[in-house]
Amino acid sequence: LLTLADDSGLEVDLLNGKPGIYSSRYAGPNATDDENNQKLIKDLEQYKEEIITARFHSVIAIVETSKKEQKIFHGIWEGRIKLEQKGKNGFGYDPLFFIDDLGVTAAQLSDSKKNKLSHRANAIRAATDYLLKKRNK
């Protein structure tokens, strides 16, 4: 069977890519979004005078074991971290993830705008294009 798996995380340059794949449990195994955000703010407090570059990174893997084929698709959304949470839309680190081109955090975007720009949107578009080409062969 064709199998699809995905994972996403926030990569902060000043933290050497952390929280990365541990984004959802950065503050502990059962951490809430707010607890993860508060830990990130605390870990970055010493850099508050600097520009804190970061990105959301999404990876989608599609594997077809019968044909021994695998494809990996990446979606990246560049931004930076602001140490003050803004916005109520979205989840996770969205209130801290600032998009310079728009002058807002991801949590201040509408769902439709976020679904056009986000790391997940970029990865799923690439995966969808691959599957459509595969189907049309």
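Just so you know, these numbers come straight off a predicted model, no measurement behind them.

Peer 1: Now, about the packing of aromatic side chains: what can you tell me, with residues and values included?
Peer 2: Scanning all chains against the criterion turns up four aromatic pairs. Relative to Phe-97, the ring of Phe-56 lies with its centre 4.4 Å away and its plane at 45°, an arrangement referred to as tilted. Separated by 41 residues along the polypeptide, Phe-56 in strand E3 (residues 53–64) and Phe-97 in strand E5 (residues 97–99) bring together distant segments of the chain. You'll find Phe-56 and Phe-97 in the same group, each marked buried.

Peer 1: Lay out the nonpolar core in plain terms, naming residues and giving numbers.
Peer 2: By size, the foremost hydrophobic cluster in this structure holds 19 residues, and its most contacted members are Leu-10, Val-12, Leu-40, Leu-44, Trp-77, Ile-81 and Phe-97. Of all the elements, helix H1 (residues 33–44) adds the most residues to this core, at three residues. Contact partners of Phe-97, with chain neighbours within four places excluded, come to Leu-10, Ala-54, Arg-55, Phe-56, Trp-77, Glu-78, Gly-79, Arg-80, Ile-81, Val-104, Thr-105 and Ala-106. With six residues, the next largest nonpolar core counts Ile-60, Ile-62, Phe-73 and Ala-127 among its residues.

Peer 1: Tell me about H1, and please be specific about residues and values.
Peer 2: Taking 1.5 Å per residue as the helical rise, H1 with its 12 residues ought to reach 16 Å, and the 17 Å between its terminal C-alpha atoms agrees with that figure. Every buried residue of H1 is accounted for by Asn-36, Asn-37, Leu-40, Ile-41 and Leu-44. An end-on view of H1 places all buried positions within 135° of arc, on one side of the element. Elements in contact with the buried residues of H1: strand E1 (2–12), strand E2 (19–20) and strand E4 (69–81).

Peer 1: Requested: an account of helix H3 (residues 119–135), with residues and values cited.
Peer 2: The end-to-end C-alpha distance of H3, which contains 17 residues, comes to 24 Å, matching closely the 24 Å that a straight helix rising 1.5 Å per residue would cover. Here H3 has its buried residues at His-119, Ala-121, Ala-123, Ala-127 and Tyr-130. Packed against the buried residues of H3 are E1, E3, E4 and helix H2 (111–117). Between the side-chain oxygen of the N-cap and the backbone nitrogen of Arg-120 there are 3.4 Å, and the N-cap of H3 in question is Ser-118.

Peer 1: If you had to explain the sheet that holds E1 to someone new, which residues and values would you point to?
Peer 2: Across the sheet, six strands lie side by side as E2-E1-E3-E4-E5-E6; this open sheet has antiparallel pairing. Each of the sheet's edge strands pairs with one partner strand only, and the pair in question is E2 and strand E6 (104–105). Those strands touched by H1 are E1, E2 and E4, and its axis lies near 40° from that of E1. Sheet strands touched by H3: E1, E3 and E4. Its angle to E4, the strand with the most contacts, is close to 155°.

Peer 1: Quick one: what's the story with the layout of surface pockets, residue by residue and with numbers?
Peer 2: Estimates place the volume of the largest pocket at around 320 Å³. Along its surface, the largest pocket is lined by 19 residues, and Ser-8, Ser-23, Ser-24, Phe-91 and Arg-120 are the ones closest to its centre. Those elements giving two or more residues to the lining of the largest pocket turn out to be E1, H1 and H3. Counting residues per element, the lining of the largest pocket draws most heavily on E1, at five residues. Grouping the amino acids of the lining of the largest pocket by side-chain chemistry returns six nonpolar, seven polar and six charged.

Peer 1: Please provide a residue-by-residue account of the pairing of E1, values included.
Peer 2: Looking at chain direction, E1 and E3 are connected through 11 bridges and run antiparallel. Its bridge partner lying in E3, Thr-3 is registered against Val-63. Across two bridges, E1 lies against E2 in antiparallel orientation. The residue of E2 that forms the bridge with Glu-11 is Pro-19. Where E1 hands over to E2, the hairpin turn is made up of six residues, of which Asn-16 adopts a positive phi near 55°.

Rules used throughout
Residues numbered from 1 in each chain as written. Predicted model: local features only at pLDDT ≥ 70, side-chain atom pairs only at ≥ 80, totals over all residues. Heavy atoms only, no water. Phe/Tyr/Trp six-rings, centres within 6.5 Å; stacked < 30°, edge-to-face > 60°. Helix = DSSP H or I, 4+ residues; strand = E, 2+ residues; numbered from the N terminus. Buried < 20%, exposed > 50% of the residue type's maximum accessible area, 1.4 Å probe, protein only. Core = buried A, V, L, I, M, F, W, Y, C linked by side-chain atoms within 4.5 Å. Contact = heavy atoms within 4.5 Å. Expected span 1.5 Å × (residues − 1). Arc of directions from axis to C-beta. Polar contact = N/O pair within 3.5 Å; in protein donor to acceptor, adjacent residues only side chain to side chain. Pairing = 2+ DSSP bridges. Axes fitted to C-alpha atoms, helices over the stretch in contact; angles between N-to-C directions. 1 Å grid on protein atoms, 1.4 Å probe; cavity = no way out; pocket = protein on both sides within 12 Å on 5 of 7 lines; lining within 4 Å. Points joined across faces, edges and corners; volume = space filled by probe spheres on them. Nonpolar A, V, L, I, M, F, W, Y, C, P; charged D, E, K, R; others polar.

These results come straight from atomic positions and should not be treated as a statement about function.
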